[in-house]
Amino acid sequence: MSIEKLFDDIEETLMDLLARVDEGDSKALEELKKAKIYFEDLAEILSVVDDDDTVDSIKKKFDELSKKFDKFLMDIVKVVG
């Protein structure tokens, strides 16, 4: 799936949700709230990506973040456990 197709699908889904919210669909409002959280998480993840990054450099950044997160979890286990 291309990025352009992904963004088109996201836009279509958001427009559908907004139309349903406008019609008073409370379930659509809950779905929209969930989507907002996902987009915030995605934006946070993508904030580490620079314009000149390659697939390899992005992979290295995410690997480093994963290692740091694993260390963070182990530190929590030591303190709590």
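Remember, predicted model here, so these are calculated numbers, not experimental data.

Student: So what exactly am I meant to see when it comes to the overall build of the chain here?
Tutor: The helix and strand inventory of the chain stands at three helices and zero strands. Element order for the chain, N to C, with α for helix and β for strand: α-α-α. For a compact globule of 81 residues, the expected C-alpha radius of gyration is about 12 Å, and the chain comes in at 18 Å, more than 25% above that figure. Principal-axis analysis of the C-alpha atoms places the extent of the chain at approximately 50 × 40 × 20 Å. When the 81 residues of the chain are sorted by exposure, 5% land in the buried category. For the chain, the accessible surface area stands at approximately 7,200 Å², while carbon and sulfur atoms represent 62% of it. Here the chain carries 13 positive and 23 negative side-chain charges, and the mean point of each set is 9 Å from the other.

Student: So what exactly am I meant to see when it comes to the pattern of salt bridges here?
Tutor: Pairing is possible between side chains that carry opposite charge, provided their charged atoms lie close to one another. By the definition in use, this model includes 11 salt bridges. With a shortest N-O distance of 3.8 Å, Arg-20 and Asp-16 are connected by a salt bridge. With a gap of four residues between them, Arg-20 and Asp-16 both fall in helix 1 (residues 3–22), about one helical turn apart. Ionic pairing is found between Lys-61 and Asp-50, a salt bridge with its closest N-O pair at 3.0 Å. Linking Lys-61 in helix 3 (residues 55–80) with Asp-50 in the loop between helix 2 (26–46) and helix 3, this pair joins segments that are 11 residues apart in sequence. The partly exposed category is assigned to Lys-61, whose relative accessible area is 25%. A single network of salt bridges, built from pairs that share partners, joins Asp-16, Arg-20, Asp-25 and Glu-31.

Student: I'm lost on helix 2 in this one. Help?
Tutor: Owing to its 3.6 residues per turn, the α-helix brings residues three or four apart onto one side. Taking 1.5 Å per residue as the helical rise, helix 2 with its 21 residues ought to reach 30 Å, and the 30 Å between its terminal C-alpha atoms agrees with that figure. Looking at where helix 2 begins, the residue whose side-chain oxygen comes 2.9 Å from the main-chain nitrogen of Lys-27 is Asp-25.

Student: Please explain the confidence of the model for the chain as it appears in this structure.
Tutor: Parts of the prediction with low pLDDT should not have their coordinates interpreted in detail. Taken over all residues, the pLDDT of the chain has a mean of 84, while the share at 70 or more is 95%. Put simply, helix 3 is where the chain has its lowest mean pLDDT, 83, and helix 1 is where it has its highest, 87.

Student: It is not clear to me how the side chain of Asp-53 should be interpreted in this structure. Could you clarify?
Tutor: With respect to the helices and strands, the residue Asp-53 is situated in the loop between helix 2 and helix 3. Of the polar contacts made by the side chain of Asp-53, one reaches the backbone nitrogen of Asp-50; its length is 2.7 Å. When near neighbours in sequence (up to four residues on either side) are disregarded, Asp-53 contacts Val-48, Ile-58 and Lys-61.

Each value, and the rule that gives it
Starting afresh in each chain, residues are numbered from 1 along the sequence in its written order. Only residues with pLDDT of at least 70 get local features here, since the model is predicted, and only at 80 or more are side-chain atom pairs given and counted; chain-wide, interface and lining totals rely on the full set of residues. The basis for the side-chain values is all heavy atoms of the structure; hydrogens and waters are excluded. Under the scheme used here, helices are H or I runs from DSSP no shorter than 4 residues and strands are E runs no shorter than 2 residues, and both carry numbers assigned from the N terminus. A radius of gyration in this sense is built from C-alpha atoms; the matching globule rule multiplies 2.2 Å by the number of residues raised to 0.38. Categorising residues by exposure relies on relative accessible area from a 1.4 Å probe, with only protein chains included: less than 20% of the type maximum marks a residue as buried, more than 50% marks it as exposed, and the intermediate range marks it as partly exposed. The Shrake-Rupley method, run with a 1.4 Å probe sphere, supplies the accessible areas, and residue values consider only the shown protein chains as cover. Charged residues are defined narrowly, with Lys and Arg counted positive, Asp and Glu counted negative, and His plus the chain ends left uncounted. Where a charge lies is defined by one atom per residue type: Lys uses NZ, Arg uses CZ, Asp uses CG and Glu uses CD. Salt bridges are counted wherever a side-chain nitrogen of Lys or Arg sits within 4 Å of a carboxyl oxygen of Asp or Glu. Helix span, as expected, comes to 1.5 Å for every residue beyond the first. Polar contact is the term for a pair of N or O atoms within 3.5 Å; when the atoms are in protein, one must be able to donate a hydrogen and the other to accept it, and sequence-neighboring residues count only if both atoms are side-chain atoms. The pLDDT value expresses, per residue, how confident the predictor is, ranging between 0 and 100. Should any heavy atoms of two residues lie within 4.5 Å, those residues are considered in contact.

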